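# An overview of the molecular structure
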Amino acid sequence: MVGTDQVPCVTLDHIWSDHTRTIDILKLDAEGSELEILKGAAGLLGDKRVLFVFSEFLLLPFYERRVTLGHQQVFLDDLGYRLISLDFNHFVYNWRKTSIQSRNDRWMTYAGDAVFVLDPDRNALGGDMMYRLGLACIAMGFNGFGLNLLRESGTISGADIAAIEAEVNRPPLSRRLRLAWMDFPFVVGRRVNALRRRLARSA
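Here is a short report on the structure shown in this document.

Rules of the game
Residues numbered from 1 in each chain as written. Predicted model: local features only at pLDDT ≥ 70, side-chain atom pairs only at ≥ 80, totals over all residues. Heavy atoms only, no water. Helix = DSSP H or I, 4+ residues; strand = E, 2+ residues; numbered from the N terminus. Rg over C-alpha atoms; globule rule 2.2 N^0.38 Å. Buried < 20%, exposed > 50% of the residue type's maximum accessible area, 1.4 Å probe, protein only. 1 Å grid on protein atoms, 1.4 Å probe; cavity = no way out; pocket = protein on both sides within 12 Å on 5 of 7 lines; lining within 4 Å. Points joined across faces, edges and corners; volume = space filled by probe spheres on them. Nonpolar A, V, L, I, M, F, W, Y, C, P; charged D, E, K, R; others polar.

What follows concerns the overall build of the protein chain. When its secondary structure is counted, the protein chain shows 8 helices and 6 strands. Starting at the N terminus and walking to the C terminus, you meet the elements of the protein chain as α-β-α-α-β-α-β-β-β-β-α-α-α-α. The globule rule puts the C-alpha radius of gyration for 203 residues at 17 Å, and the 25 Å found for the protein chain is more than 25% above it. The dimensions of the protein chain, computed from C-alpha atoms along their principal axes, are 90 × 60 × 30 Å. Here the protein chain holds 203 residues, and the buried ones make up 27% of them.

This is how it looks when you write it as structure tokens:
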């Protein structure tokens, strides 16, 4: 600790006080202050005006306030939100140095990202809210859940649902190119063998 600075902060409830719109996706990455930010949005969250929360969390109580994932989950669960996913995509750590090689050891996770949604089973969501939550879920990769929400919203036709489902089922271009590259030797091999058979029959 070298020094301390006081930084004035404004809550999300205050920032959004002049708006009547719903926040579709709230992304938080504030180095251990996520719970305090959520508390500053308690009005918005309590009024169901945030549909989707993507928040960084700590498993290791690294900062002075010792806030971990469980604190965020309990706070949001009490307000009607469901935890639907955890991404452990951060660096790992070990408690003390050892001579065990990393490939022979399982290190500990200190942080990740948690995904919460306004729980459709615990909240009466109107068609527009369900529609917007469905789109937010699809945007974040929860395609099946998102499509079911769109279907339940009653705001989109069955034909449009089927078209979205077909599009979602198409692998992205990068994956299609990778699969084509991996299949290339087999395709060439089959064609060469077919050419050899034709040449042998004509000889």
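What follows concerns empty space enclosed by the protein. Scanning the entire structure with this criterion turns up 1 cavity of 30 Å³ or more. Counted as a void, the largest cavity has a volume near 50 Å³. If you go around the largest cavity, the residues you meet are Gly32, Glu34, Glu56, Phe57, Leu58, Val67, Thr68 and Gln72. Broken down by element, the lining of the largest cavity gets its largest block of residues, 3 residues, from strand S2 (residues 50–58). Looking at side-chain class alone, the lining of the largest cavity contains 3 nonpolar, 3 polar and 2 charged residues.

For the largest pocket, the calculated volume is near 780 Å³. Together, 22 residues line the largest pocket, and Cys9, Gly32, Ser33, Glu36 and Arg65 are the ones closest to its centre. Taken together, the residues of the lining of the largest pocket sort by class into 9 nonpolar, 7 polar and 6 charged.

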